[in-house]
Structures are given as C-alpha cells and as structure tokens.
Amino acid sequence: MNTPLSWIKDYVPGLSCTAQEYSDRMTLTGTKVEGYKKLDKNLEKLVVGEVLSVEKHPDADKLVVCQVNVGTETVQIVTGAPNIPVGSKGQYVPVVLDGGKVAGGHDGGPLPEEGVKIKAGKLRGVPSNGMMCSIEELGSDHNAYPLAPESGIYIFDEALIRELGLKPGDSAVKALGMDDVVVEYEITSNRVDCYGVIGIAREAAATFGESFRLPEVKETGNSEDINDYLKVQVEDTKLCPRYCARMVKNIRFAPSPEWMQKRLRNSGIRPINNLVDITNFVMEEYGQPMHAYDYDTIAGHEIVVKCAADGDEFETLDGQVRKLDHTMLMINDGEKAVGLAGIMGGENSKITDHVHTVVFEAANFDGVNIRLSAKKAGLRTDASSIFEKGLDPNNAEAAINRACQLVEELGCGEVVGGMIDVYPVKDEPVRVAFEPERINSLLGTDISPEEMKAIFRKLDLGFDEDTQEVVVPTFRRDLHCMADLAEEVLRFHGYDTIESTLPVGEATTGKLSYKLRIDQVARNIAEFAGFSHAMTYAFESPKVYDKLLIPEDSSLRKAIVIQNPLGEDFSIMRTQSLNAILTSLSLNYNRRNPDVRLYDLSNIYIPKSLPLTELPEEREQLTLGAYGEGMDFYVMKGVIEELFEHIGMQDKVHYEPSCDRPYLHPGRKADILYQGQTVGYLGEVHPEVCGNYDFKEGVRVYVAVLDMPAVIPFTGFDRHYEGIAKYPATTRDISMLVPKTVLVGQIEDLLAQRGGKILESYKLFDIYEGSQVQEGYKSVAYSLSFRAKDRTLTDEEVGAAMKKILQGLSGLGIELRS
Amino acid sequence: MNEQLAKITEEALGKISGAENLDALNEVRVEYLGKKGHITAVMKEMKNVAPEDRPAFGQMVNDARSKVEEALEAAKEALSQAAIRERLAAEVIDVTLPARKASIGHGHPCQIALDEVERIFIGMGYEVVEGPEIEWQEYNFTKLNIPEGHPARDEQDTFYITDEILLRSQTSPVQARVMEQGKLPIRMIAPGRVFRSDSIDATHSPSFNQIEGLVVDKHITMTDLKGTLDEFAKELFGPETKTRFRPHHFPFTEPSAEVDVSCFKCGGKGCRFCKGEGWIEILGCGMVHPHVLDMCGIDSREYTGFAFGVGLERIALLKYEIDDMRLLYENDQRFLNQF
C-alpha cells in the first residue's frame, strides 16, 4: 500500500518527523515501511513561470524563443516543445532556473540517481536561461497528471491557477503537489483496518504519541427519502451481513479539486472525475470498497443480493463474460444481475458520461466467499482483495456517509436523504479478559497493568473496569485472546526493549536422527570420493521418461501430478532421481567443465495409489553421477562399497547384471544387492540417453543410485575389534582358464563358500582376454591368503582347502593354467 | 713406555681427525686397536712388566685405548652425519611444483549453512527431525491456525496435488506433527524442502529450504525467544552481530516478529549489501499461538512455546555473498568448487 505522508498528517496533525524517522518507528511498532519516495527528489529551483511572449528562433525552425516571467525577473528561454506556439502567451508553466535540477529527461526513461542539472547556455546561438518542463522531466507521467500533454511542456490549467491562486515565482513543486513523501507499507493480512489511511494514521498517532482525529462527517442529504426511490433485499445475510445504499441525483461531472487529486495521484491512483475520484478516495481513506450503479439502469428500482444459479453467465464491466455457480453472490436488480458482489460491477449498469442518478453501495461481504468467487471467476480486483480479508461491517456506514459528504462538498450532485441499511445482526465489540500476569509471563516481562492499559487507550481499545475486560472495537478484527493483547502491549512497549534470556527447565539432548547421521556419512564418503553436492528440484517434466527410455507401461511413469504447476516442466513429482543428476551433468558438460562428479541426496515420491488418497512414500536416493577422467564402472562401484563399509555393512555386496534398467548400457549395468535385497543400481548411462541429454557421442557417463530406505535397515554404528593376526598367512596363487560366460563374481562366491574359515581373503590380480587365451575363455588369476587365528597353518590344511576350491572351480568349467 | 704410548695415541688421534671417510676411519681402527694394532701391541708388553706395576700399566693402556675409541666414535658420527647431509642435499626438490590433490568433492553452500545451523542448535539441546514434503493441507494450514478460506492460504501460493494433499509451503507442519506426539518438553529444529509457486529468478525459486524451530515447555517466554535467536545470530554471523525484532503477523504465532540482523558487511552503517538499511531480514518467529497448542493437544494455560522459521537459501546467499539464487540449483562444478 502506497500512501502520501501528507494524508496521514491530515489525521495526525501533530506528526512532525523526517520520512526516515517515520519509517523506522512505524516499522518497529509493526506497520512495516518497505520504503519511501520523496516526490521532489532532484527538483531544485523550480518555479511557476508565466509565458509573456513566444517568437521564432532566427536559426532553427523547430525552436522558439520565449520571454518568461518567473516572479523576480523575466528570463529568456529557448524551447523546442510543440505546445508553445509562436505568438502564444499567458501560459503558466513549471520553470527550472539556471543552476537548478530536474528529475529526468523529456522521454520519460528511468530517472538518473543524481537528477539532471540545468545551466544557462546558448541554443543555436540564442541564450537560454533555464528550462520549461514536461511532466516527465519532473519525474512523473501522464497517467498521474492526465492534463499533461502527451508531449510538450506541462501547462497549469485555469481551474488550478484559480484554486491555488498561483502567480509567477511560486513554487512549482508545491503547485504540482510534489511537496510530499509517498510511503510504501507492507500490511499484514490480519490488519484489515490498515488497508485504509485512517487505520495507518491511528497507528502513527499511537507510535508517536500524537492525537488522532477522524475526519468529521456531517449529516448529508436533501429532504427526500431514499426509500421512495429504491428497495434493497438481501436474501443471503450470511454472505452479505450488511448492505448500505445511498443515492445522488443530478450528477455534475467535473475534475475534482487539486487537494483530492493530489491525494489520489500520490497514492498511485489516476484522478478521473469527481464521482469516480470520491469512491476511490473513500476506498483509500476508510479501506471500504464502494460501488456506484446507474439508477436508471436498475430494473424495478430494486436491488436483490442473492447467489447466482449454476450455469449463469455475467458480463463484468471490463467486457468479459464470467461463468457463475450457486456459491457466487450477485447483486441483482428486479430482473437481472448487475454486479458480481464485492468483485466487479456489471457492464449493464456501469456509470457513463450521461448518468443522471447514482446509487452508492457500501456493503460487507463474507471474506471467504469473496476469495473463492474471485478465484472461480478468475478475477481478483482491488475490491475483492480487500473484501476477502473480512472487513468491519460498521465501517460501511461511515464510508458511505463520507462519500455523500464529499459529493456535497465537491458539488458533484444532490444527495438524497436517508440511507437504506440492511444489517440484521449488528457486529458487536469482542471482549477479552485482561490478565496482566499472563501477559507478563508470556512475554517474560514486568510491565505494569497501568502501562498496558495506557497502550490500549492509545489504540482506541475500550476497557471495562467492572469486568476487567478489554473491549475491542469492531475495526480491530485481529484481537481475540490474551496472546493478541500481549502483542499489542509489546508493540508499544517496544520489541527492542525486552531482555534476552535462554530457556531454563528440563534439559534435552541435542542430536541428529539416525537417518540424518547416515546421510551425513553418505555425504562425507561421496565428497571424499571426489563428488560435489548438487541440489535439484523435486518436480520435473513428464517428458523425462521418454528421455530416459522408460517404457510406456513402466510403474515409474505413475507419478504424482501437481494440479497447478508452474508449467509442464515442473508438473510431476519425480519417481526417479536420474533425470536431475543427468540434467546437472549435461549443464556442466555443455559449459565445457571437464571431469565432473556430482551427487544428490534427496527424495523421490512414490504414490501408493493414484489419485492420492494418502501421503506417498518419500524415498531418499543417494545419486552419484560423473563423467570424465578417472571415472569408470569400477570407480563407481568402489564408492558404493566404501560407503557400505563406513555405515556398518561389512557383508559381501552382490551385483546382478541381468536387471531391468533401460536407461543404462545393456552390458554395463547392475543392481546392487545386499544380503539378497536390491538396494540400488549402478552402471554406464545408455548412449542414447546420453544423446538425449546433449552429451556428444562417445562420452561415457556413469551413475549409481542407492535407495536409502532399503539401505538403512542394514546399517549400524556398532564396531567390534577382532584382533590383529598373530600367526603367519599362507598364500597360494591360482591362474585359471575361465569360460567367458562365467562372471568373476561367481568365482568369488565359490571361493568364499569353499575356502572355509581359514580362507582369510582373496584378491584378483590378473584378468586377460585375447590372443594368448583360448577362444571362448579368459584368463583369471587370484591370490588366496589362508590364516588361522590360533596357530600356524600346516601345508596339509591349506592343501585340503585348495582341493575343495579347485573341485568347485572345475564344476564351473574352469581349468587351472599351468 | 709411557712416552711411547703417548706418542702412539697422539699419532692415532691425528689420523682419526684426518680420515675423510668411514673406510679410512676403519683402517685407523685396525691399525691401532686391531689384533695386530699398535695399542694392542703395547698391551701385549704386560707380561714384561713387574707384577706390582701391572695394574698401573694396564690402566694406562686402557686409558689410551678409550681415548682413541672415543675419538673414533666421534669421528664416525661426524662422518655419517656428513654423509647424510650430502645425500639429502642431492635430493632437493622444487616444492613449488603443483600439488597432487586427493580431489575431494565440495559441499553445497546450502548444506554447509545447514550444518552450521544444526551445530548451533544441537549445542543448545535441540533435536533435528524431519517431516514429509508432500503433506496434508490440514497440517500445512488448518492445524497452524490457517482455516479454510483464510487469506494466508493464498498468500503462500501453494502447489496442490489434490484438495487435501499439497506440497508443503513451509516447514511449520512439522511443528504440529511433533507437538501431536505429546512428548514434552520439545526442543527441535526441522530442516527441509518447501515449495511455493514462484517463478524462477535471481531471488525466487519454486522449491527452497527452510529450517523450522520449536520449543515448548512450561514458562517459555518471548525473552527466551529473543535470547535464543540472539545467540543463533551471533554464532552464525559473528559475535558482533546485533538483532532487531520487528512486530509481524503469522497465523500460528502470537506475538509474532520478523528478525533482522545488523549487516555483517558494514556492521550496520548501511552499504550496498544491506541496501543502505544497516539491517538484513533473516527470519520470522513468535510465541506459539495458544490455539495451535490446544489443537495439538497441549494445554496452553500450562505450556507456552516459541517457534521460528529460517530460509536456508537466504542464509547461504547472504553468508557466502551469492548474488543469484539460480546458481544454487544449476550445480555448475565451478560454482560448487568454491565451497
């Protein structure tokens, strides 16, 4: 919300402080100031000038030479503006004198921080002492000053000259209403009262300890009775707790006076005419949206407030046709809908230049209903965004009477006597028990009850001495309980004045959850292995399944869909973690970063059923991805095994190459099995998938994924020392001729099985396929180490174990090489 | 005899000091102390000495022997030291040649910041817990005092899956989940991912991380909240850091506050970094709303609590002076290498 400080001062006349001080203190009492703008920034030596004569420039067709009375003297100014023609005179214009400053250039581009200095000089040989200004040069625009020409010098209009009694030499800044500061507030949704200038002014008064005065609203209206003109019937009083209507006859359109235009303009609202300006002014002042209908278009001179029927359509005054349903509250006349309640009026009843009689509406609507209706209609207006916060019904009457008073004051028409007020259940003040000890014990303070009561008084909260209750006026819709009062007390006692203490009481243990401890080790190992931590999005495009070659019928495609995504690219919750890491790798690759290793530790989302009827499984995945030097399948495998070792998984890890992983190279992939259970997979990314992620042909990309919920049951931080071997080991090397179809893993399983307790370890030291090896075979060599804890092994013992192993090997079709 | 021995000894000592290497030194040893050595030869004269003079004679020869042995030892030591020095001198390397690093990977700035925050709060007795990212609207809103139709439901631009299930727009639902378990007192922080439908730009992301904090116990006060967050800010941004509490509104806390820290670049004088304000907003907090406590089955007349929520990305951007939030999710190795 943007409000000129001058407007606040209308209600807090004692307020005198700098804009900075104002901003700081308001912020500290809870009316957060986002910033402020001095409208006269960089406007220096700017006066009203009267053009006395305009002559042709001797050497330039597009320039003219003007004599301008600037009060103290007459100066010569050369200009190229199109709206100061040769021979004209008498115009009042803003003039910046020699050595002064303006805010910007005549083209209305971004304003330079230091403004633009104006110096006397010569234009095509003719001296020019100063400059006549366009509205853009003064830092504003045509929208805020509708009378300003589209291009050319700003010329003060007759009415304004009369109203302000302008004469040459007066301050042009003041004449333009730029002697003001616009303050931008962030109003929190609980403070609907502060959506009006009055509410903010009340806070300002309390903050600075100044007195606050509401605008005086006099009784208005002629001797007629509105009830003779109009009937109002509210069918749904829950959705419309109050409906106030007043009427104005004999509308006389005119521009509103400068004081009102200035208020509106400096609030960022374009002045239009007296009638429109009055409703906008009251909306700003009271925070109560109003609407005006053309009385002559209201059939039966009757207003009925009721919900639409399903399937109804309605053309709002922006010319759009809106679809309605039975939950949407409408303003109707005797025959048809004329307004979408609280959101926008209808095309059929809108005010035109020919309007003769106007019906003012100031109503109160159910905030939730307005919010939902605005959503359904796809039409969130200034009015609806205020109504949806839930307004004070008692404010409606004050606002409509203020509007009528302004109508009379501005001579905008003749107010008809009386008001129609449908208000079956009056909104009464809330009463909250005053419990100063509880307030102090919540705050940790020792504030006296008297100080608390003084704060309540400043805020116009009532106090019932008999019942010791705070009586909350209806404009404060946010105060319901002790904690609410505590905040009011603290706001004005000062958030910054209270002590800093630390909680006392029963001690608690600070710790990470078990899962987070495992996560920590996983991150450490990944980083030790050279992988950097990547963070990726949880949502992605459904197109990723095609990129990853995942078949149409795969369960991975059963993803949770976001109803209102940012776009297709962010529309499903990921069911696999590969896309994210491949996307990040691809970005690195295409930025020519060599040798990249990344890991990601975050969730995938597996629905139990679709559409969701319960929360899905969130499964954390450790995803490693890499390309470049020093990386291959076995390096990846090593990282996985290092990790397992460090999280207490000491058993042998198994790898199953015949797994269904269409995104991986068919000959270079494996599921990772621990104690017979699949806990993840690894492999080289399928070249076609690499292509889909914009890797050049031939680039090998490796990934490994661990499904952490599957891993965690096998983990532990218990460790047991098993002693260091005291007796010597006996080693035996075997060199084998192995059929190509036999995997090394099979040999190792056999070694482990047949070697018995005394087989301490085995190590592959050579593997070779090629010309020296028989077709269909590979050469594999292992070094076996035998050892007992309690004795030196004899040759016989080792020999027996070797025999068993060799027998087993021959069962796999393996021959020993000599 | 005496003079002869003195002469031999002197001769030996002279040869020792003249020996240029260990071999030469060994030759001297053999020449004087060996089986046929000069000093050994003198000792053999013992049999020609009168029995009463024999002890004195023996003593004299042994002294000479010791003297030579000591000199030999000392010379040997000196020579081997010299040999080592010579070898080492020959092994000089250029220490300015490039290092061979283990190429350890780098942490993500958000994770590093989170680790910091966790360290601080674990030290103060907080447990780190997690909650679901896909959440019931009831936990994300209703139980946090944001009933159906409350404007705050729109303010947070929530992503919905169904009418009842959504992507959590804040970590605050973890508060409700922990309080519902009914184990008191509570001191916890809950870091995690949250989602809001903001388009991606330099300061917005549809997915980011928050850290929720919650303390519930008897006699918890607003001053405790202030003291805790003061401590936190000092630990995170340095001991000179000051905090500023400003009134604010959150539906699930009352009183509520936003907290600024004094700009750690300029110390509060105002600079480009803090946009001239001297203060940087870092978090929202407040006393747990009594209604929220009651809804979670905790008697609000007996227990009070405070809660706070910190944006992790905001902390990381500030702390590490990262000027564009998009960098955090691109995972460019050159970016990550700087952490």
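Just so you know, these numbers come straight off a predicted model, no measurement behind them.

(A) Representation of unusual backbone geometry within the structure. Cis geometry marks the peptide bond from Leu610(A) to Pro611(A); its omega dihedral reads -10 degrees. Mapped onto the elements of the fold, Pro611(A) is located in the loop between β31 (596-606) and β32 (617-627). Look at the link from Leu184(B) to Pro185(B): it is a cis peptide, with omega at -5 degrees. The topology assignment puts Pro185(B) in the loop between α8 (173-180) and β4 (186-195). Its identity as a non-glycine residue notwithstanding, His219(B) has a phi of 65 degrees, on the positive side. Note on placement: His219(B) falls in the loop between β5 (207-217) and α9 (222-237). Phi is positive for Asn331(B), which is not a glycine, with a value near 65 degrees.

(B) Seen up close, the environment of Arg557(A). Residues and elements named next belong to chain A. Checked against the element boundaries, Arg557 lands in the loop between α15 (544-547) and β30 (572-573). Along the primary structure Arg557 and Asn227 are separated by 330 residues, whereas in three dimensions their C-alpha atoms are 66 Å apart. Setting aside its immediate chain neighbours within four residues, Arg557 contacts Tyr545 and Ile550.

(C) Just the environment of Gly297(B), in detail. Residue and element names in this part refer to chain B. With respect to the helices and strands, Gly297 occurs in the loop between α10 (290-295) and β9 (304-311). When the C-alpha positions of Gly297 and Gln181 are compared, they lie 9.0 Å apart, and in sequence the two are 116 residues distant. If sequence neighbours within four positions are ignored, Gly297 has contacts with Glu180 and Gly182.

(D) Highlighting the interface of chain A and chain B. Across the boundary between the two partners, chain A contributes 76 residues, which contact 72 residues of chain B. In terms of residue count, the dominant contributor to the side of chain A that touches chain B is helix α13 (residues 482-493) of chain A (six residues). Considered class by class, the residues forming the side of chain A that touches chain B number 35 nonpolar, 26 polar and 15 charged. Here strand β27 (residues 511-512) of chain A runs beside strand β1 (residues 127-128) of chain B; their pairing, made up of two bridges, is parallel. Across the sheet, Lys511(A) pairs through a bridge with Glu127(B), a residue of β1(B).

(E) Main features of the sheet that holds β4(B). Taking strand neighbours across the sheet as the criterion, the eight strands line up as β27(A)-β1(B)-β4(B)-β5(B)-β9(B)-β8(B)-β7(B)-β6(B) in an open arrangement whose pairing is mixed. Each of the sheet's edge strands pairs with one partner strand only, and the pair in question is β27 of chain A together with β6 (243-250) of chain B. Where strand β7 (residues 253-262) of chain B lies against strand β8 (residues 279-288) of chain B, eight bridges are found, and the strand directions are antiparallel. When the sheet's bridge partners are listed, Ser256(B) is paired in β8(B) with Gly286(B). Sheet strands touched by helix α11 (residues 312-320) of chain B: β4, β5, β8 and β9 of chain B. Its angle to β9(B), the strand with the most contacts, is close to 55 degrees.

(F) Quick look at the nonpolar core. One finds Val358(A), Val359(A), Phe360(A), Ala403(A), Leu624(A) and Val703(A) to be the most contacted residues of the largest nonpolar core, which totals 251 residues. Considering each element in turn, this core owes the most residues, eight residues, to helix α10 (residues 393-410) of chain A. Residue contacts for Leu624(A): discarding those within four places in its chain leaves Ala526(A), Phe531(A), Tyr599(A), Met636(A), Val639(A), Val703(A) and Ala704(A). The next biggest cluster of nonpolar side chains, apart from the first, holds 19 residues, and it includes Ile560(A), Phe570(A), Met573(A) and Leu166(B).

(G) Summary view of the domain arrangement of chain B. Here chain B is partitioned into domain 1 (2-90) and domain 2 (109-336). The distance between the C-alpha centroids of domain 1 of chain B and domain 2 of chain B comes to 85 Å.

(H) Layout of the domain arrangement of chain A. All names here are of chain A. What the domain assignment lists for chain A is domain 1 (2-39 + 181-208), domain 2 (44-175), domain 3 (226-422), domain 4 (432-470 + 482-495), domain 5 (514-714) and domain 6 (730-816). Relative placement of domain 1 and domain 4: their C-alpha centres are 23 Å apart. With five residues of domain 1 at the interface, the matching set in domain 4 holds six residues. The residue makeup of the side of domain 1 that touches domain 4, split by class, is two nonpolar, two polar and one charged.

(I) Summary view of the sheet that holds strand β37 (residues 730-739) of chain A. All names here are of chain A. Taken in spatial order, the four strands line up as β38-β39-β37-β40 in an open sheet, and their pairing is antiparallel. Because the sheet does not close on itself, it has two edges, and the strands there are β38 (759-768) and β40 (815-816). One ladder, built from eight bridges, connects β38 with strand β39 (residues 777-786); its direction is antiparallel. In the sheet register, Ile767 faces β39, and the bridge partner there is Val780. Sheet strands in contact with helix α20 (residues 744-754) are β38 and β39, and its direction is about 155 degrees off that of β38. Packing of helix α21 (residues 795-811) onto the sheet brings it into contact with β37, β38, β39 and β40, and relative to β37 it is tilted by some 10 degrees.

Calculation criteria
Residues numbered from 1 in each chain as written. Chains lettered and ligands numbered in written order. Predicted model: local features only at pLDDT ≥ 70, side-chain atom pairs only at ≥ 80, totals over all residues. Helix = DSSP H or I, 4+ residues; strand = E, 2+ residues; numbered from the N terminus. Contact = placed C-beta atoms within 7 Å. Nonpolar A, V, L, I, M, F, W, Y, C, P; charged D, E, K, R; others polar. Pairing = 2+ DSSP bridges. Axes fitted to C-alpha atoms, helices over the stretch in contact; angles between N-to-C directions. Core = buried A, V, L, I, M, F, W, Y, C linked by C-beta atoms within 7 Å. Buried ≥ 20, exposed ≤ 12 C-beta atoms within 10 Å, placed from the backbone. Domains from an automatic or database assignment.

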